[in-house]
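This is what each chain is made of:
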Amino acid sequence: MKHARDVKKFRLEAIVSKEFIVLVYLILYLILPSSSEKSILYCEYVLIIMAILVILFDTKLKIYITKRKLIKMYKIEEYSSLFAEASITLNTEGVEYMNLFSETIYKWDYVRSIHEVDDYLIIMCNEQIVIPVNCFKCEDEKNNFVNVICEKTDLIVNKKFPEKFIFI
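The structure presented is a predicted model; accordingly, all values stated were derived computationally and were not measured.

**Considerations on the sheet that holds strand E2 (residues 94–99)**
Strand order across the open sheet formed by 3 strands is E1-E2-E3, with antiparallel pairing between neighbours. Looking at strand neighbours, the two that pair on one side only are strand E1 (86–90) and strand E3 (103–107), the edges of this open sheet. Pairs of neighbouring strands in the sheet enclose a mean axial angle of 15°, with direction left out of account. Note that E1 and E2 share 5 bridges and pair antiparallel. When the bridges of E2 are listed, Ser87 appears paired with Met98.

Written as structure tokens, this is what we have:
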């Protein structure tokens, strides 16, 4: 979750939601009751303070909501394949991904990028494959794995979180 802000879709949604919030507050400001100057001034201050708080904490709120959705999704049996133990093998055709529910081969042409961020390797194909680094026995095994992918795809390892990562 600490890389959620790096995802392009997340940043765009944050901008759109902030613009929407500002628009709502402008509309509320225009239709405030005009009964007395004191009540209008009070409402203006309240709206300005609320707008500032929402704009400042909108990103944290989005991260919290995304985190809650992921936790809820983890508990749903329908999505258990996303979190199931898997086996990943590199062969002449591509990256072979097997778990209890399916077996998929992502051909080398469809591997778009490989990322090494924190303690994870992320292989971006039609879907994303996230591999914890501690799954490898040693650093050499991980380096050999990454080198084979780089040789077969002519890609270089990116140390930044992928912008097109899909959280949900």
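Still more to cover.
**Some words on the sheet that holds strand E6 (residues 128–132)**
As summarised here, the arrangement of the 4 strands in space is E6-E5-E4-E7, forming an open sheet in which the pairing is mixed. Single-partner strands in this sheet number two, and they are E6 and strand E7 (157–158). For strand E5 (residues 120–124) and E6, the ladder comprises 5 bridges, and the chain directions are antiparallel. Residue pairing across strands places Ile123 opposite Ile129, the latter belonging to E6. In the packing of helix H3 (residues 139–153) onto the sheet, the strands contacted are strand E4 (113–117), E5, E6 and E7, and the crossing angle to E5 comes to about 15°.

**Here's the deal with the pattern of salt bridges**
This structure, assessed with the given rule, holds 3 salt bridges. Lys159 is the partner of Glu116 in a salt bridge, and the nearest nitrogen-oxygen pair spans 3.3 Å. You can see Glu116 sitting in strand E4 and its partner Lys159 sitting in the segment after E7, a full 43 residues away along the chain. The salt bridge involving Lys142 is made with Glu139; its shortest N-O contact spans 3.1 Å. Taken as a pair, Lys142 and Glu139 lie in helix H3 at a separation of 3 residues, close to a single helical turn.

Cut-offs applied
All residue numbers refer to position in the chain's written sequence, counted from 1. Whole-chain, interface and lining totals are the exception, using all residues; otherwise, since this is a predicted model, local features are given only for residues with pLDDT of at least 70 and side-chain atom pairs are given and counted only at 80 or more. Hydrogens and water molecules were not included; the side-chain quantities draw on all heavy atoms of the structure. Two strands form a pair only when DSSP identifies at least two bridges running between them. Only DSSP runs of H or I covering at least 4 residues are called helices, and only runs of E covering at least 2 are called strands; the numbering of each starts at the N terminus. To obtain an axis, a line is fitted to C-alpha atoms, over the contacting stretch when the element is a helix, and the angle between two such axes runs from 0 to 180 degrees between their N-to-C directions. Any two residues whose heavy atoms approach within 4.5 Å at even a single point are treated as in contact. What makes a salt bridge here is a side-chain nitrogen of Lys or Arg within 4 Å of a carboxyl oxygen of Asp or Glu, nothing more.

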